[in-house]
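Commentary on secondary and tertiary structure
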Amino acid sequence: MIQIERPERFTKAAERLTREHHGIRRHEPHLYEVTNKTKVSRCHVRTERRSGRAFGSCACPAGLRHGQRPPVCKHLAAVVIYLRALRAMRQRAAQRAH
Ligand SMILES: [Zn+2]
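All of the points below concern the structure found in this document. Being a predicted model, the structure only gives us computed values, none of them experimental.

Brief notes about the overall build of the protein
Each helix and strand in the protein was counted, giving 2 helices and 5 strands. Considering only residue pairs separated by 6 or more positions, the protein has 45% of its internal contacts joining residues 24 or more positions apart. For the protein, the accessible area works out to roughly 7,100 Å², and carbon and sulfur atoms hold 51% of it.

Following this line, the structure appears as structure tokens:
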């Protein structure tokens, strides 16, 4: 599990994402399926909230490099960005309603 806190950690992964075209589908609350449309790979990302903090984990074997997983893989970044965009959209809609 990686704590999702600093947005700048996701910026680099996000830049890669805009080039690669990912699709995100929600399987169940807190479980997302990320598909890479160009390479036809599929990953499951799980998110979790513990005492007000957001955590996320991805089960991708492709992210392994030198026997270590990168701190934030692109799948997890994709879900974080997706959830942020969703939240921003909801906030804007709520503001309009007032
Ligand atoms: Zn991954």
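Describing the packing of aromatic side chains
Scanning the model with the defined rule gives 1 aromatic pair in all. Where tyrosine 32 meets tyrosine 82, the ring centres are 6.3 Å apart and the plane angle is 70 degrees; that geometry is what we call edge-to-face. On the criterion of sequence distance, the pair formed by tyrosine 32 in strand E3 (residues 31-36) and tyrosine 82 in helix H2 (residues 74-97) is long-range, its members being 50 residues apart. Relative accessible area serves as the criterion here: at 6%, tyrosine 32 is assigned to the buried category. The residue whose ring lies beneath arginine 50 is phenylalanine 55, and the NZ or CZ to ring-centre distance is 4.7 Å.

Quick notes on the pattern of salt bridges
With the rule as written, the count across this model stands at 3 salt bridges. One salt bridge connects glutamate 33 with arginine 42, and the closest N-O pair in it is separated by 3.9 Å. Notably, a salt bridge pairs glutamate 48 with arginine 50, separated by 2.7 Å at the nearest N-O pair. With relative accessibility at 28%, the residue glutamate 48 sits in the partly exposed group. Through salt bridges with shared partners, a single ionic network connects Arg25, Glu33 and Arg42.

Let's talk about the nonpolar core
Core analysis: the biggest nonpolar cluster contains 12 residues, these being Ile4, Tyr32, Val34, Cys43, Val45, Cys58, Cys60, Cys73, Leu76, Ala78, Val79 and Val80. Put simply, the parts of the chain that give this core at least two residues each are E3, strand E4 (41-50) and H2. When residues in this core are grouped by element, the largest group, 4 residues, is from H2.

Structural notes on H2
Taking 1.5 Å per residue, 24 residues should reach 34 Å; H2 reaches 35 Å between its end C-alpha atoms and fits that length. If you check which residues of H2 are buried, you get Lys74, His75, Leu76, Ala77, Ala78, Val79 and Val80.

Definitions and limits used
- Residues numbered from 1 in each chain as written.
- Predicted model: local features only at pLDDT ≥ 70, side-chain atom pairs only at ≥ 80, totals over all residues.
- Heavy atoms only, no water.
- Helix = DSSP H or I, 4+ residues; strand = E, 2+ residues; numbered from the N terminus.
- Contact = heavy atoms within 4.5 Å.
- Areas by Shrake-Rupley, 256 points an atom, 1.4 Å probe, with all protein chains shown as cover.
- Phe/Tyr/Trp six-rings, centres within 6.5 Å; stacked < 30°, edge-to-face > 60°.
- Buried < 20%, exposed > 50% of the residue type's maximum accessible area, 1.4 Å probe, protein only.
- Lys NZ or Arg CZ within 6 Å of the ring centre and 35° of its normal.
- Salt bridge = Lys/Arg side-chain N within 4 Å of Asp/Glu carboxyl O.
- Core = buried A, V, L, I, M, F, W, Y, C linked by side-chain atoms within 4.5 Å.
- Expected span 1.5 Å × (residues − 1).

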